[in-house]
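The primary structure of each chain is shown beneath.
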Amino acid sequence: MIKVDGIHKSFGKVRALRGVSFDAPDGKITGLLGPNGAGKSTTLRVLYTVLKPDVGSASIDGADVVTDSLSARQKIGALPHGAGLYPHLTARENIAYYANLCGIDKSEVDDRVAAIIRLLEIEEFSDRRTKGFSQGQRTKVSLARALVHDPQNVILDEPTNGLDVMATRSLRRLILKLKDAGRCILFSSHVMQEVAALCDDICIIASGQVAIDGSVDSIRERTGQDDLEEAFVAAIQMVGGE
Amino acid sequence: MRTFLTVFFKELLDNIRDRRTLASALIMGPIFGPVMFAVIINLSIDRALDDAESVMELPVIGQENAPNLMRFLESRNIDIVAGPADAGGAAEAVKSGLHDVVLVVPENFGEQLADTIPARVELYSDEANSQGEKEERRARRALRAYNQQLAGIRLSARGVNPLLLRPINIDEVDVSTPSGRSAMLLGMMSYFFIFALLMGGMYLAIDTTAGERERGSLEPLLSLPVTRGQLILGKIMATCVFMAASLILSLLSFYVVLEFMPLEQLGMTPNFGLAVVAAAFFLLLPFILLGASLMTLVASFTKSYKEAQTWLSVVLIAPTLPILVVSILTLRPKLEFMFVPSLSQHLILVDMVKNEPLNGLHIAISVCSTLVFGAILTWICARLYQREGLLG
């Protein structure tokens, strides 16, 4: 369960976030949707505690991301945008590194790593050094290491960026598996269709503010648009004046 | 503790597999110093052998005007060769570098000599040309000797003891020991060691800060349930291990090179046995922490791998500055110098190589102050690792 309550964040003169609030409940997939530069990544960075909000608060399963950031991080698995691997380590070693850092019991590390490799279907290249991996392979390994400690909350920043159709589909299957396991999944995207196909709830962000949020149906209803893309554009225009 | 060890061992493994890091830590740093040293020593040996009465060629204009002088010069191992046509040509030849020095004997040289008025000869040389300095000095020395010989003959002919012209006899006694003489040349060794140990950790320092950020692996790392202090400590310690390896190799390669260099020909017997190698290692050990944290600190301010490389090459030079100042001013080791890292190690190392008694207090201050500086910089690194700007 992720709660975001009125967060503001500025970088110098640029006001990246101007009061973003939303909830992402367990057992559901929440999509953070918005045009480029809307503040999606900044919001997610606050949630996985590498940025501190200027105003407002956010919590992961009740752990505040500022005052209790260590236990907030314990409860999340994050896949930042464009996450990189260590090119001289194999995929398995990359994942095991994170497993150890997350404090998984030493005797269990090997089993856990093997299990996540099976789950993400990356056995084929798991013992190769990651130098020269394709974007799809890299994303899968990054995801595997983010999930190796079995976090209740999963934060994915534009995970399908640069993936081909097959890789996108297998990623989608994985996200649905996580949902069925009762996890809270929050992921950002600027692709309308992707969000529509996968998400239970959508939070549309534009200019650092939440334009509209709710279930897919309620967004259609409130914007008076049947087509989701039109609804997206209408929602953005609601805050677009600024 | 587990986080620290996990990071530490991961960085070791990661960098051992990186050829560039390995090359700079285990080959570049340790080999560069000894090779350069061997070249310099060989050059000095060549020069030293040169000085020992080898045949020197001296172009002379107007040889026929002073046959006795010519014979005298030849007896001093100076070969007389034909010079340019006239004095103007001599000036040209020296200016252009064709000859280092040219002697001109005017036609009336014999007459003036016979009349016992100072007979004029001209010695052309280029004071700005340091290469020719040696030849010029030798020609002048020979002329002066001839001058003295003639003066002696004239005085004897008049029944005066020529020794009257030498009220003082200067006897030069060089008290420097062979080890002491070595120290001048070996003084640069300490910088090679510091250079090697910095080189050993340079790529790790870049990789763990600017490199990790550029690769995009920093952000996911920071989102893990670990404290950043442990991350940075693990990284700095891994850097230290590479630096220590580099230092050991550098010390050993110097040891081997010195074994094979004909240093006795230069009158040097440096005190650099295995015991001194070991002592030098422990003396420089505190500098490793300082170097690692300094490089990590500098690299963490840079935006990219390239930029970090540029700045760190400045850091490689920084430790030479105090050494250079002290060498130029030829200052003796003093208590207050021991508070300056790199300088204190240099001064103590020179004493070790000179085989002079070591000052225990100096060593204690050097070790402690360097460790304190290193600890402060490490703490600053850890503080800076907390800031948001780290992600760039």
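Residues numbered from 1 in each chain as written. Chains lettered and ligands numbered in written order. Predicted model: local features only at pLDDT ≥ 70, side-chain atom pairs only at ≥ 80, totals over all residues.

S.K.: Please set out the overall build of chain A residue by residue, giving values where relevant.
M.R.: The helix and strand inventory of chain A stands at 9 helices and 10 strands. Here chain A has a C-alpha radius of gyration of 18 Å; the compact-globule value for 242 residues is 18 Å, and the two agree. Based on the C-alpha atoms only, the size of chain A along its principal axes is roughly 55 × 40 × 35 Å. By the burial criterion, 46% of the 242 residues in chain A qualify as buried. (Helix = DSSP H or I, 4+ residues; strand = E, 2+ residues; numbered from the N terminus. Rg over C-alpha atoms; globule rule 2.2 N^0.38 Å. Buried ≥ 20, exposed ≤ 12 C-beta atoms within 10 Å, placed from the backbone.)

S.K.: I'd like to hear about the overall build of chain B, residue by residue, with values.
M.R.: Check the secondary structure of chain B and you find 14 helices and 4 strands. Rg of the C-alpha trace for chain B: 31 Å, well past the compact-globule value of 21 Å for 392 residues, more than 25% over. The C-alpha extent of chain B, read off along each of the three principal axes, is 100 × 45 × 35 Å. The buried share of chain B, taken over its 392 residues, is 36%. Considering only contacts within chain B whose residues lie at least 6 apart along the sequence, 75% involve residues at least 24 apart. (Contact = placed C-beta atoms within 7 Å.)

S.K.: Run through the nonpolar core, naming residues and quoting values.
M.R.: By size, the foremost hydrophobic cluster in this structure holds 137 residues, and its most contacted members are Ile95(A), Ala144(A), Ile155(A), Ile204(A) and Leu197(B). Here this core takes 16 residues from helix H7 (residues 178-215) of chain B, the largest share from any one element. Those residues in contact with Leu197(B) that sit more than four places away from it in its chain are Met243(B), Ser246(B), Leu247(B), Leu284(B), Phe287(B), Ile288(B) and Gly291(B). In this structure, Leu58(B), Val60(B), Ala66(B) and Leu103(B) belong to the second largest nonpolar core, which totals 17 residues. (Core = buried A, V, L, I, M, F, W, Y, C linked by C-beta atoms within 7 Å.)

S.K.: Outline the interface of chain B and chain A, listing residues and values.
M.R.: On the chain A side, the residues contacting the 20 residues of chain B number 25 residues. Elements represented by at least two residues in the side of chain B that touches chain A include exactly helix H1 (2-16) and helix H8 (218-222) of chain B. Top element by residues in the side of chain B that touches chain A is H1(B). It accounts for 5 residues. Looking at the side of chain B that touches chain A, its residues break down into 6 nonpolar, 6 polar and 8 charged. (Nonpolar A, V, L, I, M, F, W, Y, C, P; charged D, E, K, R; others polar.)

S.K.: Give a description of the confidence of the model for chain A that names residues and reports values.
M.R.: One rule of thumb: low pLDDT means the predicted coordinates there are not for detailed reading. Overall, the predicted model of chain A reaches an average pLDDT of 90, with 99% of residues at or above 70. Looking at the elements of chain A, mean pLDDT is at its lowest for helix H9 (residues 228-240) of chain A, recorded as 78, and at its highest for helix H3 (residues 91-101) of chain A, recorded as 95. (pLDDT = per-residue confidence, 0-100.)

S.K.: Account for the packing of helix H9 (residues 228-260) of chain B against helix H10 (residues 274-300) of chain B, naming residues and giving values.
M.R.: Residue and element names in this part refer to chain B. Between H9 and H10, the least distance of the axes is 9 Å, while the angle of their chain directions is 145 degrees. The two elements H9 and H10 cross, and the hand of that crossing is right-handed. On H10, the residues that touch Lys235, Ile236, Thr239, Cys240, Met243, Ala244, Leu247, Ile248, Leu251, Leu252 and Tyr255 of H9 are Leu274, Val277, Ala280, Phe281, Leu284, Ile288, Leu289, Gly291, Ala292, Ser293 and Thr296. The class makeup of the residues in the contact of H9 with H10 is 17 nonpolar, 4 polar and 1 charged. (Axes fitted to C-alpha atoms, helices over the stretch in contact; angles between N-to-C directions. Left-handed = near helix turned anticlockwise from the far one by under 90°.)

S.K.: Describe in detail the domain arrangement of chain A, supporting the description with residues and values.
M.R.: Residues and elements named next belong to chain A. Each assigned domain of chain A is listed here: domain 1 (1-75 + 153-242) and domain 2 (82-150). Relative to domain 2, the C-alpha centre of domain 1 lies at a distance of 25 Å. Every contact between the two is made by 8 residues of domain 1 and, on the other side, 7 residues of domain 2. When residues in the side of domain 1 that touches domain 2 are grouped by element, the largest group, 3 residues, is from helix H6 (residues 165-180). Looking at the side of domain 1 that touches domain 2 residue by residue, the classes come out as 5 nonpolar, 2 polar and 1 charged. (Domains from an automatic or database assignment.)

S.K.: Could you give an account of the environment of Arg45(A), naming the residues involved and the relevant values?
M.R.: Residue and element names in this part refer to chain A. Tracing the sequence through the fold places Arg45 in helix H1 (residues 40-47). Look at Arg45 and you get buried, because 24 C-beta atoms sit within 10 Å. Separated by 33 residues in the primary sequence, Arg45 and Ala78 place their C-alpha atoms 9.2 Å from one another.

S.K.: Residues and numbers for the domain arrangement of chain B, please.
M.R.: Domains assigned within chain B are domain 1 (2-45 + 178-391) and domain 2 (53-165). When each unit is reduced to the centre of its C-alpha atoms, the spacing between domain 1 of chain B and domain 2 of chain B is 54 Å.

S.K.: An account of the sheet that holds strand E2 (residues 78-82) of chain B is requested, with residue identities and associated values reported.
M.R.: All names here are of chain B. Strand order in the open sheet made by the 4 strands is E2-E1-E3-E4, with mixed pairing throughout. Where the open sheet ends on each side, the last strands, each with one partner, are E2 and strand E4 (122-125). Mean inter-strand twist for the sheet, computed between neighbouring axes without regard to direction, equals 35 degrees. Sheet topology note: the strand E3 (residues 101-104)/E4 ladder contains 4 bridges and is antiparallel. Its bridge partner lying in E4, Leu103 is registered against Leu123. Where helix H4 (residues 87-96) meets the sheet, its contacts fall on strand E1 (56-61), E3 and E4, and the angle it forms with E3 comes to roughly 170 degrees. The strands touched by helix H6 (residues 133-157) within the sheet are E1, E2, E3 and E4, with E3 carrying the most contacts at an inclination of about 30 degrees. (Pairing = 2+ DSSP bridges.)

S.K.: Provide a residue-level description of the sheet that holds strand E1 (residues 2-11) of chain A, including the pertinent values.
M.R.: All names here are of chain A. One open sheet holds the 4 strands; their spatial order is E2-E1-E4-E5, and the pairing between them is antiparallel. The outermost strands of the open sheet, each flanked by one partner alone, are strand E2 (14-24) and strand E5 (63-64). Inspection of the sheet shows E1 paired to E2 by 8 bridges, in the antiparallel sense. Bridge pairing links Ile2 to Ala24 in E2. Sheet strands in contact with H1 are E1, E2 and strand E4 (55-60), and its direction is about 115 degrees off that of E1.

S.K.: Describe the environment of Ile175(A), listing the residues and the values that go with them.
M.R.: All names here are of chain A. Along the polypeptide, Ile175 turns up in helix H6. Among the residues examined, Ile175 registers 21 C-beta atoms within 10 Å and is labelled buried. Setting aside its immediate chain neighbours within four residues, Ile175 contacts Ile29, Ile185 and Leu198.

S.K.: Break down the confidence of the model for chain B for me, with residues and values.
M.R.: Residue and element names in this part refer to chain B. Summarising the model, chain B shows a mean pLDDT of 85, and 94% of its residues fall at 70 or more. In the model of chain B, helix H2 (residues 19-51) stands out as the element of lowest mean pLDDT, 77, in contrast to helix H14 (residues 360-384), which has the highest, 94. Scored as a complex, the prediction yields pTM 0.80 and ipTM 0.93.

S.K.: For the environment of Arg20(B), give the residues involved together with the corresponding values.
M.R.: Here Arg20(B) shows up in helix H2. Note: C-alpha distance between Arg20(B) and Tyr203(B) (183 residues apart in sequence) is 8.0 Å.

S.K.: How would you summarise helix H13 (residues 343-354) of chain B if you had to cite specific residues and measurements?
M.R.: Residue and element names in this part refer to chain B. Between its terminal C-alpha atoms H13 stretches 16 Å, which fits the 16 Å expected from 12 residues at 1.5 Å a residue. The buried fraction of H13 is high, at 11 of 12 residues. The complete set of buried residues in H13 reads Leu343, Ser344, Gln345, His346, Leu347, Ile348, Leu349, Val350, Met352, Val353 and Lys354. Within two residues after H13, Asn355 carries a phi angle of roughly 65 degrees, on the positive side. (Expected span 1.5 Å × (residues − 1).)

S.K.: Talk me through the packing of H9(B) against H14(B); I want residue IDs and the actual numbers.
M.R.: Residues and elements named next belong to chain B. At a minimum axis separation of 9 Å, H9 and H14 run at an interaxial angle of 135 degrees. It follows that H9 is oblique to H14 by the angle criterion. Once H9 is placed against H14, the crossing between them reads as right-handed. Packed against H9, whose contacting residues are Gly229, Ile232, Leu233 and Ile236, the element H14 presents Thr378, Cys381 and Ala382 at the interface. Taken together, the residues of the contact of H9 with H14 sort by class into 5 nonpolar, 2 polar and no charged. (Parallel < 35°, antiparallel > 145°, perpendicular 65-115°, else oblique.)

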